[in-house]
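# Residue-level structural notes
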Amino acid sequence: MKNIIIFGPQGSGKGTQADILSDKFSIPHVSTGRIFREEIKKGTELGKKADELINAGNLLPDDITNEIVKNRLLEKDCKNGYILDGYPRDIAQAEYFDTIAKISHALEIWIPDKISVERINKRRTCQKCGEVFHLEFNPPKKTNTCDECGGELTTRKDDKKEWIKKRLEIYHSRTENLIDYYKNKNIYHKIDGRPGIDEVAKNILEIIK
Ligand code: AP5
Ligand code: MG
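Let me begin by describing the structure that accompanies this report.

How each quantity is defined
- Residues numbered from 1 in each chain as written.
- Chains lettered and ligands numbered in written order.
- Predicted model: local features only at pLDDT ≥ 70, side-chain atom pairs only at ≥ 80, totals over all residues.
- Heavy atoms only, no water.
- Pairing = 2+ DSSP bridges.
- Helix = DSSP H or I, 4+ residues; strand = E, 2+ residues; numbered from the N terminus.
- Contact = heavy atoms within 4.5 Å.
- Axes fitted to C-alpha atoms, helices over the stretch in contact; angles between N-to-C directions.
- Near = heavy atom within 4 Å.
- Polar contact = N/O pair within 3.5 Å; in protein donor to acceptor, adjacent residues only side chain to side chain.
- Areas by Shrake-Rupley, 256 points an atom, 1.4 Å probe, with all protein chains shown as cover.
- 1 Å grid on protein atoms, 1.4 Å probe; cavity = no way out; pocket = protein on both sides within 12 Å on 5 of 7 lines; lining within 4 Å.
- Sits in = over half its atoms within 2 Å of the grid points.
- Nonpolar A, V, L, I, M, F, W, Y, C, P; charged D, E, K, R; others polar.
- Salt bridge = Lys/Arg side-chain N within 4 Å of Asp/Glu carboxyl O.
- Buried < 20%, exposed > 50% of the residue type's maximum accessible area, 1.4 Å probe, protein only.
- Points joined across faces, edges and corners; volume = space filled by probe spheres on them.

## A closer look at the sheet that holds strand β5 (residues 123-126)
On the basis of which strands lie adjacent, the open sheet formed by three strands has the order β6-β5-β7 and antiparallel pairing. Because the sheet does not close on itself, it has two edges, and the strands there are β6 (132-134) and β7 (153-154). Pairing analysis gives three bridges linking β5 to β6, with the strands arranged antiparallel. Within the sheet, the bridge partner assigned to threonine 125 lies in β6 and is valine 132. In this fold helix α6 (residues 113-121) packs onto β5 and β6, with an angle of close to 50° to the strand it touches most, β5.

## Some thoughts on the sheet that holds strand β4 (residues 105-110)
A sheet is described by the order of its strands in space; here five strands give the open sequence β2-β3-β1-β4-β8, paired in parallel fashion. With partners counted over all chains shown, the strands left at the sheet margins are β2 (29-31) and β8 (188-192), one partner each. Ignoring which end each strand starts from, the neighbouring axes of this sheet average 25° apart. Here strand β1 (residues 2-7) runs beside strand β3 (residues 81-85); their pairing, made up of five bridges, is parallel. Bridged to isoleucine 5 within β3 is leucine 84. Along the sheet, helix α9 (residues 197-208) makes contact with β1, β4 and β8, crossing β4 at roughly 160°.

## Brief notes about the site of ligand 1
Taken together, 36 residues surround ligand 1, and among them Thr16, Asn58, Arg89, Arg123 and Arg167 come closest. Measuring from an oxygen atom of ligand 1, one finds a side-chain N or O atom of lysine 14 at 2.9 Å. Compared with its free state, where it exposes 1,000 Å², ligand 1 has 98% of that area covered by protein. Here ligand 1 is seated within the largest pocket. Of all the secondary structure elements, the ones that give two or more residues to the shell around ligand 1 are α1 (14-25), α2 (32-42), β6 and α9. Among the elements that take part in the shell around ligand 1, α2 stands out by supplying four residues, more than any other. Partitioned by chemical class, the residues of the shell around ligand 1 number twelve nonpolar, 16 polar and eight charged.

## Side note on the pattern of salt bridges
Applying the stated rule across the entire model yields 18 salt bridges. A salt bridge links aspartate 158 to arginine 156; the nearest nitrogen and oxygen atoms lie 3.0 Å apart. Given the relative accessible area of 5%, aspartate 158 is considered buried. Among the salt bridges present, the one from aspartate 158 reaches arginine 167, with a minimum N-O distance of 3.7 Å. Grouping residues by exposure puts aspartate 158 and arginine 167 together as buried. Each of Arg123, Arg156, Asp158, Asp159 and Arg167 takes part in one network of salt bridges that share partners.

## A word on empty space enclosed by the protein
A full pass over the atoms with the stated rule returns one cavity of 30 Å³ or more. Its boundaries defined by the atoms lining it, the largest cavity holds a volume of some 50 Å³. Around the largest cavity sit Ile6, Phe7, Gly8, Gln10, Lys14, Gly86, Arg89, Tyr171 and Thr175, which together line it. The residue makeup of the lining of the largest cavity, split by class, is three nonpolar, four polar and two charged.

Given below as structure tokens:
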């Protein structure tokens, strides 16, 4: 069973690689960040709260996030495995997750902060379907237009320069603790996120297969 979690700093390629794995193994890519962005778009109560927190570089509260993940993983398409991108995000979420699921692989995609900032500055995301592009490394065929659905490409609101530093600080102080947590469970794998998208994907597949 492939119950995979991917963590790593902002712009390390979690979403990009989770999409590739999802196609390869026909299991869903579940991104908590993407779920929150959908709620923001729909203007739900959760969306309003998420908008305030995410766009100031903060995390959502654990109880809300845990509940969302629990419900999502109960859906039928997750019964043969899933790739969880952006969750768990700290030890408290990891401990909760251990009570509801069994992880097969915990992957950390590592890049230095300087690359995080560079990648995020040139990331463009589809307003309509959430597909991710990079102006230099994964450019859309047509300027500002999504290859998948024709939607408009924009910069994510939380990708403003002033929030990237804060998001990285939270990553280093909270999420990085997952490294030792999963090392102790013998399911941790570190992947160098600096090479190109295809090479990183190849290295991940070596670990998973
Ligand atoms: P989330 O959406 O998870 O954002 P993040 O963790 O900040 O990560 P990113 O999506 O910015 O980066 P990524 O690693 O996915 O990189 P990508 O593939 O896009 O979360 C957003 C917010 O939601 C959080 O800040 C928080 O507020 C909230 N949230 C989410 N989960 C939560 C939780 N569990 N608990 C509480 N709150 C939560 O790639 C980046 C760019 O680089 C792209 O342009 C891509 O094309 C390019 N690229 C990717 N790989 C390569 C490569 N190898 N070489 C060159 N370019 C590459
Ligand atoms: Mg992402």
